[in-house]
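Observations on the three-dimensional arrangement
Each chain is listed here by its residues.
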Amino acid sequence: AMPGVANIGALTTQGIRAEFALAFQPRYRAIMGIINECIWETTSDKLQEVYGVLDSATYPVRWGAGNTIPSKGFSSSQLTVQNRDFGRRVYLPRNWEDDQTGQVFNVARQLGQRWATLSERIFFQFIQASTDPDLLPAVPNSIDGNSLYAATARYGSASGNVVTQTGSTTVQQIITDAYSVRRRFLEFQDTESQPFFDSADVGSMRVFHGPSLELVVRQARYQTRPHSVVDSTGAAVTNIALEDAGMEFAWTSNQRITNTRLYYFLRGIPGDQRPLLRQVRKGMNEAQGNWATSDHTRDTGQPYVQFDSREGWGSINARSTIRVS
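No experiment lies behind these values; they were computed from the predicted model shown.

**Things to note about the pattern of salt bridges**
Across all of its chains, the model carries 16 salt bridges by this definition. Salt-bridge contacts for Arg 310 lead to Asp 85; the nearest nitrogen and oxygen are separated by 3.5 Å. Within this pair, whereas Arg 310 is found in strand 10 (residues 304-314), its partner Asp 85 is found in strand 4 (residues 84-91), the two being separated by 225 residues in sequence. Taking the shortest distance from any N to any O, the salt bridge between Lys 282 and Asp 308 comes out at 2.5 Å. Of this pair, Lys 282 sits in strand 9 (residues 276-289) while Asp 308 is found in strand 10, placing the two residues 26 residues apart along the sequence. Through salt bridges with shared partners, a single ionic network connects Glu 37, Arg 206 and Arg 267.

**A look at the sheet that holds strand 10**
Strands sit in the order 1-9-10-4 across an open sheet of four strands; the sheet is mixed. In this open sheet, the two strands that pair with only one neighbour each are strand 1 (39-43) and strand 4. Sheet twist, expressed as the average angle between the axes of neighbouring strands with direction ignored, equals 30 degrees. Across eight bridges, the pairing between strand 4 and strand 10 is antiparallel. Within strand 10, the residue paired with Gly 87 across the bridge is Asp 308.

**What to know about the environment of Trp 40**
Mapped onto the elements, Trp 40 comes out in strand 1. With 274 residues separating them along the chain, Trp 40 and Gly 314 place their C-alpha atoms 9.9 Å apart.

**Structural notes on the sheet that holds strand 5 (residues 162-163)**
Here five strands make up an open sheet; going across it, the order is 5-11-8-6-7 and the pairing mixed. Looking at strand neighbours, the two that pair on one side only are strand 5 and strand 7 (248-253), the edges of this open sheet. Of the strand pairs in this sheet, strand 8 (residues 262-266) and strand 11 (residues 321-324) are connected by four bridges, and their pairing is antiparallel. Bridging from a neighbouring strand, Tyr 264 pairs with Ile 322 of strand 11. Across the sheet, helix 4 (residues 116-128) lies against strand 6 (204-209) and strand 8, angled at about 105 degrees from strand 8, the strand it touches most.

**What to know about the environment of Cys 38**
As for its position among the elements, Cys 38 is in the loop between helix 1 (31-35) and strand 1. Among the residues examined, Cys 38 registers a relative accessible area of 1% and is labelled buried. C-alpha separation for the pair Cys 38 and Gln 273, spaced 235 residues apart in sequence, amounts to 9.6 Å. Those residues in contact with Cys 38 that lie beyond four places of it in its chain are Phe 123, Arg 206, Phe 208, Phe 265, Arg 274, Pro 275 and Leu 276.

**Side note on the nonpolar core**
Residues Phe 123, Ile 127, Phe 185, Phe 208 and Tyr 264 are the most contacted members of the largest nonpolar core, which totals 58 residues. By size, the runner-up hydrophobic cluster in this structure holds five residues, among which are Tyr 51, Leu 79, Val 81 and Ile 316.

**Quick notes on the side chain of Asp 99**
Tracing the backbone through its elements, the reader meets Asp 99 in the loop between strand 4 and helix 2 (104-109). For Asp 99, a relative accessible area of 9% corresponds to the buried category. A polar side-chain atom of Asp 99 sits 3.1 Å from the main-chain amide nitrogen of Gly 102. For Asp 99, the side chain forms a polar contact with the main-chain nitrogen of Gln 103, separated by 3.1 Å.

**Considerations on helix 6 (residues 214-222)**
Residues of helix 6 that are buried include every one of Val 216, Val 217 and Ala 220, and no others. Taken down its axis, helix 6 places every buried residue within 100 degrees of arc, on the same side. Tucked inside the fold, the buried residues of helix 6 contact helix 5 (171-187), strand 6 and strand 7.

**With respect to the packing of aromatic side chains**
Counting across every chain of the model gives 17 aromatic pairs. Between Phe 249 and Tyr 264, the aromatic rings sit 6.4 Å apart at their centres with planes inclined by 85 degrees, giving edge-to-face as the arrangement. Remark: Tyr 264 occurs in strand 8 and Phe 249 occurs in strand 7; sequence separation between them is 15 residues. Taken individually, Phe 249 and Tyr 264 each receive the classification buried, so the pair is uniform in this respect. Among the aromatic residues, ring-to-ring pairing joins Tyr 155, Phe 185, Phe 188, Phe 196 and Phe 197 into one connected group. Sitting above the plane of the Tyr 304 ring, Arg 89 keeps its charged end 4.0 Å from the centroid. Between Arg 319 and the ring centre of Phe 196, over which it is positioned, the NZ or CZ distance is 4.9 Å.

**Description of helix 4**
Of all 13 residues that make up helix 4, eleven are buried, and the element is covered over most of its length. Downstream of helix 4 by a residue or two, Ala 129 has a phi angle that is positive, lying close to 50 degrees.

**Brief notes about unusual backbone geometry**
Its identity as a non-glycine residue notwithstanding, Tyr 155 has a phi of 55 degrees, on the positive side. Relative to the helices and strands, Tyr 155 is located in the loop between helix 4 and strand 5. The buried category is assigned to Tyr 155, whose relative accessible area is 11%.

Calculation criteria
- Residues numbered from 1 in each chain as written.
- Predicted model: local features only at pLDDT ≥ 70, side-chain atom pairs only at ≥ 80, totals over all residues.
- Heavy atoms only, no water.
- Salt bridge = Lys/Arg side-chain N within 4 Å of Asp/Glu carboxyl O.
- Helix = DSSP H or I, 4+ residues; strand = E, 2+ residues; numbered from the N terminus.
- Pairing = 2+ DSSP bridges.
- Axes fitted to C-alpha atoms, helices over the stretch in contact; angles between N-to-C directions.
- Contact = heavy atoms within 4.5 Å.
- Buried < 20%, exposed > 50% of the residue type's maximum accessible area, 1.4 Å probe, protein only.
- Core = buried A, V, L, I, M, F, W, Y, C linked by side-chain atoms within 4.5 Å.
- Polar contact = N/O pair within 3.5 Å; in protein donor to acceptor, adjacent residues only side chain to side chain.
- Arc of directions from axis to C-beta.
- Phe/Tyr/Trp six-rings, centres within 6.5 Å; stacked < 30°, edge-to-face > 60°.
- Lys NZ or Arg CZ within 6 Å of the ring centre and 35° of its normal.

Put into structure tokens, the structure is as follows:
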């Protein structure tokens with residue numbers, strides 16, 4: 001049998017019931033709406049795009065009497081983002097109409113629905129710097145030459161945009177690290193060593209984590225009045241992980257994160273300051289091979305359905321995301 005041909009042998013029995021024909025089709029709800037607030041999407045009309053970026057504007061300084069007015073220049077840089085082709089084809093067997101559930105062609109075309117997960121899969125590959133030959137050949141660096149997350153000196157912080165995790169087993173550890181992230185955001189500087197974020201910029205964050213942290217994260221999120229072991233009276237204290245402290249954390253669990261790392265993204269910031277860039281050269285396109293359009297179908301009797309697209313990913317400014325690890 002030719003690879004990539006749907007095997008429908010189990011579906012050709014006469015009288016077979018179809019109630020569970022689609023039982024294995026996974027469910028994806030709202031994931032792209034969540035990820036889109038962390039990336040900036042733009043269009044592309046060529047093989048690759050080159051983006052120019054200016055350093056921060058200079059700041060005023062005192063002009064002493066009798067001195068020439070102080071001057072200072074600024075620099076610029078560019079980032080090249082290459083588009084990649086993505087595609088998939090599914091062949092149907094010659095007599096696919098013998099499928100008694102009537103769902104084989106529908107499932108083949110659901111490949112198109114899976115295209116909505118392409119960005120999601122690349123997003124998690126990018127933030128985890130993982131290797132996946134089905135997606136990006138390699139995760140590109142940000143415009144400063146570092147990977148998306150760097151624990152070395154960056155943006156005015158000696159530890160860059162990586163916060164050392166105190167732990168992942170107790171509510172207090174989750175809260176402590178969350179506020180270490182807030183502090184780090186507030187410590188970030190522009191290229192002139194001046195504060196980059198205003199306190200109003202760091203009031204809401206999206207946090208991605210793996211399912212192994214589901215319990216402790218939910219405890220940190222919903223345990224509003226834990227009993228105090230610090231106060232001798234045992235009085236309840238406010239859970240500062242909630243809005244009681246003027247903060248809002250939107251927690252998102254995803255099994256693509258298989259460790260205890262957490263990935264924080266600022267919400268509500270301008271698109272050009274988001275850490276990830278997705279450029280679309282060609283949206284998802286569907287094509288079908290049949291008796292009228294395909295030599296393969298006429299030669300073998302096998303119709304097919306295929307989809308393809310082209311897009312590229314990059315990172316300009318990673319200041320608005322921090323990894324806890």
